[in-house]
Amino acid sequence: MEGTSTTGPSRRQRVRDATLRELISVSREILTTQGVEALTIRAVAREMGMTPPGVYRYFDSHRALLDAVILAILDELTEFVAASVAEMDEADTAGRLVTASRALRRWGVEHPREFHLSLVVSPPEEENPAVRRARGQVGRLFGEIFAGVWRDYGSASPTPWPREPRIEPLAERLVRILEITMPSTAAAAAFTRCWMRLYGMVCLESLGLPRIVGDEEGDLFEAELAELSRTLGLPEAALRTGR
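Calculation notes
- Residues numbered from 1 in each chain as written.
- Predicted model: local features only at pLDDT ≥ 70, side-chain atom pairs only at ≥ 80, totals over all residues.
- Heavy atoms only, no water.
- Helix = DSSP H or I, 4+ residues; strand = E, 2+ residues; numbered from the N terminus.
- Buried < 20%, exposed > 50% of the residue type's maximum accessible area, 1.4 Å probe, protein only.
- Contact = heavy atoms within 4.5 Å.
- Areas by Shrake-Rupley, 256 points an atom, 1.4 Å probe, with all protein chains shown as cover.
- 1 Å grid on protein atoms, 1.4 Å probe; cavity = no way out; pocket = protein on both sides within 12 Å on 5 of 7 lines; lining within 4 Å.
- Points joined across faces, edges and corners; volume = space filled by probe spheres on them.
- Nonpolar A, V, L, I, M, F, W, Y, C, P; charged D, E, K, R; others polar.
- Salt bridge = Lys/Arg side-chain N within 4 Å of Asp/Glu carboxyl O.

Novice: Help me understand the overall build of the chain, please; the structure alone is not making it clear to me.
Specialist: Helix and strand counts for the chain come out as 10 helices and zero strands. Ordered by position in the sequence, the α and β elements of the chain form the string α-α-α-α-α-α-α-α-α-α. Looking at the chain as a whole, 45% of its 243 residues qualify as buried. Considering only contacts within the chain whose residues lie at least 6 apart along the sequence, 70% involve residues at least 24 apart. Accessible surface, the chain: about 13,800 Å² in total, of which carbon and sulfur atoms supply 52%.

Novice: Please clarify how empty space enclosed by the protein should be interpreted in this entry.
Specialist: Gaps between atoms show up when a probe of the same size as a water molecule is rolled over them. By the definition in use, this model includes two cavities of 30 Å³ or more. Each pocket or cavity is described by its volume, and for the largest cavity that value is around 90 Å³. Along the wall of the largest cavity there are 13 residues; nearest its centre are L97, F146, C194, L198 and L232. For the lining of the largest cavity, the secondary structure elements donating two or more residues are α5 (93-110), α7 (129-152), α9 (185-206) and α10 (219-232). Split by residue class, the lining of the largest cavity holds 12 nonpolar, one polar and no charged.

Novice: Explanation requested: the pattern of salt bridges in the structure shown.
Specialist: Any two side chains of opposite charge can pair, given that their charged atoms come close. Taken as a whole, this structure holds 10 salt bridges when the rule is applied. Between R106 and E110 there is a salt bridge whose closest N-O contact spans 3.2 Å. With a gap of four residues between them, R106 and E110 both fall in helix α5, about one helical turn apart. Residue classification places R106 among the partly exposed positions, given a relative accessible area of 47%. Note on E110: relative accessible area 47%, which makes it partly exposed. Close ionic contact of R151 with D152 constitutes a salt bridge, the shortest N to O distance being 3.2 Å. For R151, a relative accessible area of 56% gives the class exposed. Residue class for D152 comes out partly exposed when judged on its relative accessible area of 34%.

Novice: I would appreciate a short explanation of the environment of L174 in the present structure.
Specialist: Here L174 is to be found in helix α8 (residues 168-178). Residue classification places L174 among the buried residues on the basis of a relative accessible area of 13%. As a C-alpha pair, L174 and R163 span 11 residues in sequence and 17 Å in three-dimensional space. Beyond its immediate chain neighbours, meaning those up to four positions away, L174 contacts F191, T192 and W195.

Dropping the structure here:
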């Protein structure tokens, strides 16, 4: 009798994969309810009903466990933004940029501890290459959307972005890191400034700082988004997207 071949993972592998997913889920629960300081191998083992050596069979260090959680967070954030943008007409580049920006803010505000953890950057020689690539996912998505916006509106903007020689080398480095292509150096510089301003606002809001002055609904973020939209020459209707 001829041997049969299988195309799917073995039962042992399926069990291992399920345990791995549960370990990451439990780790994230500890993170969100108790803080990153409470996320230890021992704490995860206790919640899972395992011994610490059992957890080490899946993650050989605390850093490896933390990296796995960060990867899961970054994947979820990217998928959330991408799913929001996917509902828009591809030709509506302005609406896609506004939608992506608001989706980024919403996720960051709703998942502050996860968002903060995703921002923790290790020294280049210590950073997991998979984590480094994952950190660029959302920026890459925004960059691709921004390139379309620049193509449709950038050259006709009523208040063109001025040449800023000091920023251009930084912008060129950013687009290389994100592995995206911009129509021009001016577009790359404009994208860099827009991305830093929007991402920075989300960072501040996820920390709760705007609430100190009574901003509960993201009014400061919306003001920043409106200013960037005007500078890029986007139609006013774009800001009504999803509102």
